[in-house]
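Remarks on the overall topology
Each chain, letter by letter, is given below.
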Amino acid sequence: MAVLSVDLAYRRWSDLGIAILSQSRSQVDCELISWDGSDLDSPNPGPDPGPVQAEILAGRLNHVANTRNIRVMLLDGPQAWKSASNGCAHARLSERQLNCAAKTGLPGIVKPAAYRTFAEFCIDLYDALCRRGWKRLATQSHPAAGPDRVLIESYPHAAWRSLGIQPLPSKRRARISDLAPSFAALQALIPLTVNHPPNHDQLQAIVGGLPGLALEAQDPTGARFVGEPPRREDGHWREGFIVLPLPPQHSANLHWLQ
């Protein structure tokens, strides 16, 4: 049983945080993956030829999932636009409930305005993966049951808080010295192994991916759902759940740590 978790970025391939999380007895094993884009054909020669293209990234993530028999993928980025009827002025319901700093409004409208390129990239990535057979998570009832491969929206900043741990500072503000205490606090709560020390992006991918293990184990008590199901509205995807991990002691049946 494994899940694929990605802390998204679009300017540079090396800014992607990619982690494969799997259960091993009473611990979680994290395989961290690094891509710099140097193996891609690009008009920008040399290592890390950004920006990241959603279609190419979707193909690579799908390939990893296929080779590892992964059916649950978590992505740190908006999956859809706001519904016109959700009662929120500028955000999806999930973003309003979590008081997200960046807000995805009606199609093409975001706050702050500089967030638009990233939001459009993320939605394009979800769509590209759906063309490859994935589906946006649409239910809280045994969401990983059955043959479907599901896409789950994560939010690492809120995931840390949901676990009772101080969130990792933003990448721009974080120092290398901030990573070790945050990782140690996470390991004290959930036994984790890694194939090498995680950088900022990979650590965010780890914490964002934890609820995927509970859902893969068909243990909805190990995850918190925020928002409402995704749906098509006027030709666009709207809303969607953000899923957060719960501390083990708050779960009555957390199979993935047993």
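Quick summary incoming for the structure in this document. (Residues numbered from 1 in each chain as written. Predicted model: local features only at pLDDT ≥ 70, side-chain atom pairs only at ≥ 80, totals over all residues. Heavy atoms only, no water.)

1. Quick look at the overall build of the chain
Scanning the chain for helices and strands turns up six helices and 13 strands. For the chain, the proportion of its 258 residues judged to be buried stands at 54%. Considering only residue pairs separated by 6 or more positions, the chain has 65% of its internal contacts joining residues 24 or more positions apart. Here the chain has roughly 11,400 Å² of accessible surface; of this, 50% comes from carbon and sulfur atoms. (Helix = DSSP H or I, 4+ residues; strand = E, 2+ residues; numbered from the N terminus. Buried < 20%, exposed > 50% of the residue type's maximum accessible area, 1.4 Å probe, protein only. Contact = heavy atoms within 4.5 Å. Areas by Shrake-Rupley, 256 points an atom, 1.4 Å probe, with all protein chains shown as cover.)

2. Some thoughts on the pairing of strand β13 (residues 242-245)
Here β13 shows two buried faces, one formed by I242 and L244 and the other by V243 and P245. Two strands pair when backbone bridges link them, and strand β10 (residues 223-226) and β13 are joined in this way by four bridges, in the antiparallel orientation. Considered in β13, the bridge of A223 is made with P245. (Pairing = 2+ DSSP bridges.)

3. Some details on the nonpolar core
Counting residues in each nonpolar core, the largest one holds 36 residues, and the members touching the most others are L4, L8, L16, W35, L57, M73 and L75. Of all elements in the fold, only β1 (2-7), β2 (17-24), α1 (54-68), β4 (72-75) and α3 (116-130) reach the threshold of two or more residues within this core. Per element, the largest residue contribution to this core is nine residues, and it comes from α3. Apart from residues no more than four positions distant in its own chain, L75 is found in contact with V6, L8, L61, L125, Y126, L129, L151, I152, E153 and S154. L137, A159, L192 and V207 belong to the second largest nonpolar core, which has 32 residues in total. (Core = buried A, V, L, I, M, F, W, Y, C linked by side-chain atoms within 4.5 Å.)

4. As for the packing of α1 against α3
Between two packed helices, the angle of one axis relative to the other and the distance separating the axes together describe the packing. Two elements in contact, α1 and α3, have axes separated by 9 Å at closest approach and are oriented at 45°. Relative to α3, the element α1 is oriented oblique. Considering only the axes of α1 and α3, their crossing is right-handed. Only F121, D124, L125, A128 and L129 of α3 make contact with α1, whose side of the interface consists of A54, E55, L57, A58 and N62. (Axes fitted to C-alpha atoms, helices over the stretch in contact; angles between N-to-C directions. Parallel < 35°, antiparallel > 145°, perpendicular 65-115°, else oblique. Left-handed = near helix turned anticlockwise from the far one by under 90°.)

5. Quick notes on the packing of aromatic side chains
Using the criterion set out here, one finds five aromatic pairs in the structure. For the ring pair Y10 and F118, a centre distance of 6.2 Å and an interplane angle of 35° mean the geometry is tilted. Taken together, the residues Y10 in the loop between β1 and β2 and F118 in helix α3 connect sequence positions 108 residues apart. Judged by relative accessible area, which is 16%, F118 ranks as buried. (Phe/Tyr/Trp six-rings, centres within 6.5 Å; stacked < 30°, edge-to-face > 60°.)

6. What to know about the pattern of salt bridges
As enumerated under the stated definition, the model contains 13 salt bridges in all. Among the ionic pairs, R71 bridges to E216, the shortest N-O distance being 2.6 Å. Taken together, the residues span a long stretch of sequence, with R71 in the loop between α1 and β4 and E216 in helix α6 (residues 200-216) at a distance of 145 residues. The partner of R231 in a salt bridge is E233, and the shortest N-O contact between them spans 3.9 Å. When its relative accessible area of 29% is taken as the criterion, R231 is described as partly exposed. If you follow the salt bridges from partner to partner, you end up with E228, R231, E233 and R238 in one network. (Salt bridge = Lys/Arg side-chain N within 4 Å of Asp/Glu carboxyl O.)

7. A word on unusual backbone geometry
Working note: non-glycine residues mostly have negative phi, and peptide bonds are mostly trans. A cis geometry characterises the amide bond from K111 onward to P112, with omega recorded as -5°. You can see P112 is positioned in the loop between β6 (110-111) and α3. The phi angle at N99 is positive, at roughly 55°, despite the residue not being glycine. Inspection of the secondary structure assignment puts N99 in the loop between α2 (93-97) and β5 (103-104). With a phi close to 55°, Q218 is a non-glycine residue in the positive phi region. Secondary-structure assignment places Q218 in the loop between α6 and β10.

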